[in-house]
Amino acid sequence: MSVRCVGILLSSQEYLSGAEDAAVNALIKMMIDKIKVENQAEVRRESLVVLKNVAKQNYELFSPHLVNVIPLGMICVRERVFPIKHAAERLLVYALKINEEKTSQDSTGHTLKSYLDAQDAPTARLIGDYARRVLSKISDNDSDNEEE
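Structure report, in brief. Please read these numbers as outputs of a predicted model, since none were measured by experiment.

### Some words on the pattern of salt bridges
- Tallied over the full model, the rule gives six salt bridges.
- Ionic pairing is found between E46 and R4, a salt bridge with its closest N-O pair at 3.0 Å. With a gap of 42 residues between them, E46 in helix α4 (residues 41-57) and R4 in helix α1 (residues 3-11) connect regions that are remote in the sequence.
- Look at E46 and you get buried, because its relative accessible area is 16%.
- Residues E89 and K85 are paired through a salt bridge, measuring 3.6 Å at the closest nitrogen-oxygen approach. With E89 and K85 both in helix α7 (residues 82-95), this residue pair falls four residues apart, about one helical turn.

Encoded structure:
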């Protein structure tokens, strides 16, 4: 199944409301696997964009996959291919709820903190520093208008 088709399915509220959780989780896992093993940069970028859209539109479905997505996103932000790096940064902003943390005082803004608390010290420092230096400067409006 193409990445674009999976993205359309996971963006469709009609599909999500009638789909089994196992089917949706399988599609999300397929996107994660595409990022890990795919050699074509465009397929990897589109997979990152699909995951970002799921995190943005339906965080409840996305949150169980944080354990796999965050380390993969951190690997992708080191890419030399800018579209992959940019898509990974946007994914991490929504996965860690960076912009919500700046605007809200309730418990929804604690995603980054709770994720970092569950990591070992070097990993937490690396992700926390990157979030502070780079991700916190990405606004909600940055490139959300492209076909993502």
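### Some words on the packing of aromatic side chains
- Tallied over the full model, the rule gives one aromatic pair.
- With a centroid separation of 6.0 Å and an interplanar angle of 50°, the aromatic rings of Y59 and F62 are classed as tilted. One end of the pair is Y59 and the other is F62, both in helix α5 (residues 59-62) and three residues apart, which spans about a single turn.
- A cation sits over an aromatic face here: K97 above Y59, 4.1 Å from the ring centre.

### Considerations on unusual backbone geometry
- Notably, K97 is not glycine yet its phi reads approximately 50°, a positive angle.
- Topologically, K97 is positioned in the loop between α7 and α8 (98-103).

### Quick look at the nonpolar core
- Ranked by internal contacts, the top residues of the largest apolar core, which has 47 residues, are L10, L51, F62 and L135.
- Sorting elements by how many residues they give to this core places α7 first, with eight residues.
- Residues within four places of L135 in sequence aside, it is in contact with E89, L92, V93, L96, I98 and Y130.

### Remarks on the packing of α1 against helix α3 (residues 21-37)
- As a packed pair, α1 and α3 sit with axes 11 Å apart at the nearest point and diverge in direction by 145°. The interaxial crossing formed by α1 with α3 has left-handed handedness. The residues of α3 that touch α1, namely those facing V3, V6, L9 and L10, are V24, L27, I28, M30, M31 and K34.
- Looking at the contact of α1 with α3 residue by residue, the classes come out as nine nonpolar, no polar and one charged.

### Some details on α3
- Taking 1.5 Å per residue, 17 residues should reach 24 Å; α3 reaches 24 Å between its end C-alpha atoms and fits that length.
- Among the residues making up α3, those that are buried are V24, L27, I28, M31, I32 and I35. For α3, the angular spread of buried residues about the axis comes to 140°, placing them on one side. Among the exposed residues of α3, those pointing more than 90 degrees away from its buried face are A22, K36 and V37.
- Packing partners of the buried residues in α3 comprise α1, α2 (13-18), α4, α5 and α6 (66-76).

Reading guide: rules and limits
- Residues numbered from 1 in each chain as written.
- Predicted model: local features only at pLDDT ≥ 70, side-chain atom pairs only at ≥ 80, totals over all residues.
- Heavy atoms only, no water.
- Salt bridge = Lys/Arg side-chain N within 4 Å of Asp/Glu carboxyl O.
- Helix = DSSP H or I, 4+ residues; strand = E, 2+ residues; numbered from the N terminus.
- Buried < 20%, exposed > 50% of the residue type's maximum accessible area, 1.4 Å probe, protein only.
- Phe/Tyr/Trp six-rings, centres within 6.5 Å; stacked < 30°, edge-to-face > 60°.
- Lys NZ or Arg CZ within 6 Å of the ring centre and 35° of its normal.
- Core = buried A, V, L, I, M, F, W, Y, C linked by side-chain atoms within 4.5 Å.
- Contact = heavy atoms within 4.5 Å.
- Axes fitted to C-alpha atoms, helices over the stretch in contact; angles between N-to-C directions.
- Left-handed = near helix turned anticlockwise from the far one by under 90°.
- Nonpolar A, V, L, I, M, F, W, Y, C, P; charged D, E, K, R; others polar.
- Expected span 1.5 Å × (residues − 1).
- Arc of directions from axis to C-beta.

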